[in-house]
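A look at the structure
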Amino acid sequence: MSALDETDSRILRTLQREGRISNLALADRVGLSPSACLRRMANLEKSGVIRGYRAVLSPEKTGVGFVAYVTVGLSAHTKTAQEAFERAIARAPEVRECHNITGNVEYLLRIEAADLAAYKHFHTEVLGTLPQVNAITSYVVMGSPKDDRA
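Before going into details, it helps to say that this report is about the structure given with it. Because the structure is a prediction, the values reported are computed rather than measured. Each chain carries its own residue numbering, running from 1 in the direction its sequence is written. In keeping with the predicted nature of the model, local features appear solely for residues at pLDDT of at least 70, side-chain atom pairs appear and are counted solely at 80 or more, and the whole-chain, interface and lining totals rest on all residues. Remark: hydrogens and water are excluded; side-chain values derive from all non-hydrogen atoms of the structure.

**Considering the packing of aromatic side chains**
Between the rings of Phe, Tyr and Trp (Trp by its six-membered ring), a pair exists once the centres lie within 6.5 Å; its type follows the angle of the planes, with under 30 degrees stacked, over 60 edge-to-face, and the other angles tilted. For the structure on display, the rule yields three aromatic pairs. Their ring planes at 25° and their centres at 5.0 Å tell us that F66 and Y119 sit as a pair that is stacked. Highlighted residues: F66 in strand β1 (residues 66-74) and Y119 in helix α5 (residues 116-126), separated in sequence by 53 residues. You'll find F66 and Y119 in the same group, each marked buried. Ring geometry for F85 versus Y107: centroids 4.6 Å apart, planes at 40°, classification tilted. Within this pair, whereas F85 is found in helix α4 (residues 79-90), its partner Y107 is found in strand β3 (residues 107-113), the two being separated by 22 residues in sequence. Residue exposure (1.4 Å probe, protein chains only): buried if accessible area is under 20% of the type maximum, exposed if over 50%, otherwise partly exposed. What makes F85 buried here is its relative accessible area of 0%. Here a strand is any run of E in DSSP of at least two residues, a helix any run of H or I of at least four, and the numbering for each starts at the N terminus.

Set out below in structure tokens:
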């Protein structure tokens, strides 16, 4: 797909805020006919710009009372160590995001748990037992004044 134009950008911004907006309302909001809007959305989906749609859940109503960002340093800087770590993390439901980053550590994780005790269990019994892990630093989220993740 070629570069996004301003109309595509307006469609994407609106969908990020209101993923369930009807095509008719979206078309009106971005100044297109409903058929042209539907065609553009189909092109954005087909080209992979729009990768999917998802529900944004209430942490309180789903039992998540504790969120932390965790940096993880590996003991070996090899492809094998990274792949083994990533496989283990993929199996951990507490890990909601895993990013391979640059800097002094290899990974940044977003962890969601019921409470501090549940996080401690994950930290000690899951993350802390992985042989590839050399360093763990936790940053507890005290509030999120802005969170645009969908």
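Read on, since the account is not over.
**Re the nonpolar core**
Put simply, a nonpolar core is a bunch of buried Ala, Val, Leu, Ile, Met, Phe, Trp, Tyr and Cys residues held in one set by side-chain atoms that sit within 4.5 Å of each other. In this structure, V70, V72, F85, L109, Y119 and L127 are the most contacted members of the largest nonpolar core, which totals 19 residues. When contributions to this core are tallied by element, the ones reaching two or more residues are β1, α4, β3 and α5. Top contributing element to this core by residue count: β1, with five residues. If near-sequence neighbours (up to four positions away) are discounted, L127 is found in contact with V70, V72, F85, I89, L109, F122, V133 and I136. Contacts are residue-level and defined by heavy atoms, with any inter-residue pair within 4.5 Å sufficient.

**Examining the environment of G63**
Here G63 shows up in the loop between α3 (34-46) and β1. Separated by 73 residues in sequence, G63 and I136 have C-alpha atoms that sit 25 Å apart. Each residue touching G63, except ones within four places of it in the same chain, is listed here: A113 and A114.

None of the figures reported here should be taken as evidence of function without further support.
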